[in-house]
Amino acid sequence: MANNGSAELKPGSAPQARRKRRSSPRREGCPADGGQPLLRVIHSADRVPSADRVREPSLDMNKPPFRRPDGPAGMLDRTVQAQIGRLLRDVFADVAAEPVPRRFIELLAALDIKEKCR
Amino acid sequence: MSGASPTLKEAMLRLVPNLRAFAVSLCGNVERADDLVQETLLKAWNSMDGFQEGTNLRAWLFTILRNTYFSECRRRRREVEDRDGSKAADLSVHPEQPGHLDMADFRKALDSLPADQREALVLVGAAGFSYEEAAAISACAVGTIKSRVNRARGKLIELLSISPPHEYGPDAAIEAIISRTARGGSR
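Residues numbered from 1 in each chain as written. Chains lettered and ligands numbered in written order. Predicted model: local features only at pLDDT ≥ 70, side-chain atom pairs only at ≥ 80, totals over all residues. Heavy atoms only, no water.

A. Main features of the overall build of chain B. Along the backbone of chain B there are nine helices and zero strands. Along chain B, helices (α) and strands (β) appear in the sequence α-α-α-α-α-α-α-α-α when read from the amino end. For chain B, with 187 residues in total, the buried portion stands at 50%. Of the contacts made within chain B by residues no fewer than 6 positions apart, 67% connect residues no fewer than 24 positions apart. Roughly 8,700 Å² of accessible area belongs to chain B as shown, and the carbon and sulfur atoms make up 50% of that amount. (Helix = DSSP H or I, 4+ residues; strand = E, 2+ residues; numbered from the N terminus. Buried < 20%, exposed > 50% of the residue type's maximum accessible area, 1.4 Å probe, protein only. Contact = heavy atoms within 4.5 Å. Areas by Shrake-Rupley, 256 points an atom, 1.4 Å probe, with all protein chains shown as cover.)

B. Up close: the overall build of chain A. Along the backbone of chain A there are four helices and zero strands. For chain A, the N- to C-terminal ordering of α and β elements is α-α-α-α. Expressed as a percentage of the 118 residues in chain A, the buried residues total 37%. Once local pairs closer than 6 in sequence are excluded, the contacts in chain A between residues at least 24 apart make up 43%. Roughly 7,600 Å² of accessible area belongs to chain A as shown, and the carbon and sulfur atoms make up 56% of that amount.

C. Up close: the confidence of the model for chain A. Residues and elements named next belong to chain A. A residue-level look at chain A finds 36% of positions with pLDDT of 70 or above and a mean pLDDT of 60. Taken element by element, chain A is modelled with least confidence in helix H2 (residues 50–54), mean pLDDT 41, and with most confidence in helix H4 (residues 102–117), mean pLDDT 88. Per-residue pLDDT stays below 50 along residues 1–70; that stretch engages in 105 contacts with residues further than four places along the chain or on separate chains. (pLDDT = per-residue confidence, 0-100.)

D. Spatial organisation of the nonpolar core. Ranked by size, the top nonpolar core spans 65 residues in total, and within it Met-12, Leu-41, Leu-57, Phe-62 and Phe-106 of chain B carry the most contacts. Dropping the residues within four chain positions of it, Phe-106 of chain B is found in contact with Ile-84, Leu-87, Leu-88 and Val-91 of chain A together with Leu-156 and Leu-160 of chain B. (Core = buried A, V, L, I, M, F, W, Y, C linked by side-chain atoms within 4.5 Å.)

E. Layout of the packing of helix H6 (residues 115–126) of chain B against helix H7 (residues 131–138) of chain B. Residues and elements named next belong to chain B. Two numbers describe how H6 lies on H7: the axes approach to 9 Å, and their chain directions differ by 140 degrees. Put simply, H6 runs oblique to H7. Taken as a pair, H6 and H7 cross one another with a handedness that is right-handed. Contacts from Glu-119, Leu-123 and Val-124 of H6 reach H7 at Tyr-131, Ala-134, Ile-137 and Ser-138. By residue class, the composition of the contact of H6 with H7 is five nonpolar, one polar and one charged. (Axes fitted to C-alpha atoms, helices over the stretch in contact; angles between N-to-C directions. Parallel < 35°, antiparallel > 145°, perpendicular 65-115°, else oblique. Left-handed = near helix turned anticlockwise from the far one by under 90°. Nonpolar A, V, L, I, M, F, W, Y, C, P; charged D, E, K, R; others polar.)

F. Representation of helix H5 (residues 103–111) of chain B in the model. Every buried residue of H5 of chain B is accounted for by Asp-105, Phe-106, Ala-109 and Leu-110 of chain B. Buried positions in H5 of chain B, seen along its axis, are confined to an arc of 130 degrees and lie on one side of it. (Arc of directions from axis to C-beta.)

G. Representation of the environment of Asp-34 of chain B within the structure. Locating Asp-34 of chain B in the fold gives a position in helix H2 (residues 30–46). Taking C-alpha positions, Asp-34 of chain B is 8.2 Å from Val-24 of chain B, a pair spaced ten residues apart along the chain. Beyond its immediate sequence surroundings of up to four residues, Asp-34 of chain B is in contact with Pro-101, Arg-103 and Phe-104 of chain A together with Arg-20 of chain B.

H. Main features of the packing of helix H3 (residues 57–75) of chain B against H6 of chain B. Residues and elements named next belong to chain B. H6 packs onto H3 with a crossing angle of 165 degrees between their chain directions and a minimal axis gap of 13 Å. By the angle class used here, H3 and H6 are roughly antiparallel. Here the hand of the crossing between H3 and H6 comes out right-handed. Touching Phe-62, Arg-66, Tyr-69 and Phe-70 of H3 are Ala-115, Arg-118, Glu-119 and Leu-123, all from H6. Its residues assigned to classes, the contact of H3 with H6 comprises five nonpolar, no polar and three charged.

I. A look at the packing of aromatic side chains. Residue and element names in this part refer to chain B. Tallied over the full model, the rule gives three aromatic pairs over all chains. Residues Phe-62 and Phe-129 carry aromatic rings whose centres are separated by 5.0 Å and whose planes lie at 70 degrees to one another, so their mutual orientation is edge-to-face. Linking Phe-62 in helix H3 with Phe-129 in the loop between H6 and H7, this pair joins segments that are 67 residues apart in sequence. No difference in accessibility class separates Phe-62 from Phe-129, as the two residues are buried. Measuring from centroid to centroid gives 5.0 Å for Tyr-69 and Phe-70, while their planes differ by 70 degrees, and the two rings are edge-to-face. Under the relative-accessibility criterion, Phe-70 is labelled buried at 15%. (Phe/Tyr/Trp six-rings, centres within 6.5 Å; stacked < 30°, edge-to-face > 60°.)

Shown next as structure tokens:
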């Protein structure tokens, strides 16, 4: 927990699908070697020729969140799970850190006294 | 009735914060959660004979609380269906900053999970129970708990659109511009 979680999520990890709806500055990442773009900026859907989209099935809005079938899935899964785990513990700890409401202190005290008076 | 020894009473009091956190995660509402905790403490006190010292008081209280909650749910069936069904369908969480999930986003997603999955996930992932203990608390098989936890995690990933870091080296400056443009456009 001491390890701040922000390190786990780099700015570049934004789901590509979320950006798709918005038109962004015109910029095509086209490395000289003609391979995969270094950075993909997603233009609004109607401006992207459909032929281009065929190569990028993960950008389909109807698909579940970004998943790279050939990626190191195990490692990525662990990162995501760690993030969920941390949030889960935070949500729980948030309530658990609140002071005990008076009603419970009084309730237990009253029960205890009642028990002793029998 | 033997009653509670002072130490047992103190132990119960010490567990109240945990019980409240569990109750809130189950019903998503602090007032109702506190009513649940109160009922749990009363029931526990009145059936203290059923508790064997040296066994896990925390697990015992959690069991009473969740049984109280679910039997209440059966009485208030309609509300449960609303909680688990229709609300979940139209929920989608779009964190303001890409890659940044705050607690409110997460809470919303957690609340939309079916009650049994949320319970399993909280018991194992937040309250720190083992799968075996969680299974005993929920009165089901260990395998059932495991599959509930897995389904809950999968659904959370989907709802939160958590995307693992991709391999295109993130250019922080450009990413910042893009996210600023995107946020500006959404206002």
